[in-house]
Amino acid sequence: MTHDELLAKIDILERDSESDIWLIHNDRCCGNCICDKAEAEATSPHKALRAVVELHKPFQYDDGAGCYYCVNHIDSNKLYEMYLYPCPTIQAIQEQLK
């Protein structure tokens, strides 16, 4: 799955969770509406996941092979480690979203 496909999948899951909140609201509205708060709670995991995926955006490194890489920050001394994309973080996310 490409980076853009993964982001699109997360966006679909977020929209679905928003829809679920509004369906519940229509069935159970008590007149004292707190649906905006419930929607924020339901969509916040998707927003957090999207932020992680965006931090692991691949870039093309001129290695002669045309490969894409992900750079992970290791510590406060500005050390970085490059992984072929998808890196272990993205692989774990993709595995859970199958």
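Our subject is the structure listed above.
Reading the values: rules and limits
- Residues numbered from 1 in each chain as written.
- Predicted model: local features only at pLDDT ≥ 70, side-chain atom pairs only at ≥ 80, totals over all residues.
- Heavy atoms only, no water.
- Helix = DSSP H or I, 4+ residues; strand = E, 2+ residues; numbered from the N terminus.
- Buried < 20%, exposed > 50% of the residue type's maximum accessible area, 1.4 Å probe, protein only.
- Polar contact = N/O pair within 3.5 Å; in protein donor to acceptor, adjacent residues only side chain to side chain.
- Phe/Tyr/Trp six-rings, centres within 6.5 Å; stacked < 30°, edge-to-face > 60°.
- Salt bridge = Lys/Arg side-chain N within 4 Å of Asp/Glu carboxyl O.

A. Spotlight on the side chain of Ser17. With respect to the secondary-structure elements, Ser17 resides in helix H1 (residues 3-28). The class for Ser17 is buried, based on a relative accessible area of 11%. A distance of 2.8 Å separates a polar atom in the side chain of Ser17 from the backbone oxygen of Glu14.

B. Structural context of the packing of aromatic side chains. As enumerated under the stated definition, the model contains one aromatic pair in all. On the basis of an interplanar angle of 45 degrees and a centroid distance of 6.5 Å, the ring pair of Phe59 and Tyr69 is categorised as tilted. Pair noted here: Phe59 is in strand S1 (residues 59-60) and Tyr69 is in strand S2 (residues 68-75), with a separation of ten residues, a long-range link. Assessed through its relative accessible area of 14%, Tyr69 is described here as buried.

C. Structural detail: the pattern of salt bridges. Overall, the coordinates contain four salt bridges when judged by the stated rule. Between Lys47 and Glu14 there is a salt bridge, with its nearest N and O atoms 3.8 Å apart. Placement of Lys47 in helix H2 (residues 35-55) and of Glu14 in helix H1 is noted, with a sequence separation of 33 residues between them. When its relative accessible area of 48% is taken as the criterion, Lys47 is described as partly exposed. By relative accessible area, Glu14 is classed as buried at 12%. Across the pair Glu95 and Lys98 runs a salt bridge, and its minimum N-O distance is 3.2 Å. Its relative accessible area of 46% is what places Glu95 among the partly exposed residues. On the basis of relative accessibility, which here comes to 77%, the residue Lys98 falls in the exposed class. One connected set of salt bridges, linked through shared partners, spans Asp11, Arg50 and Glu54.

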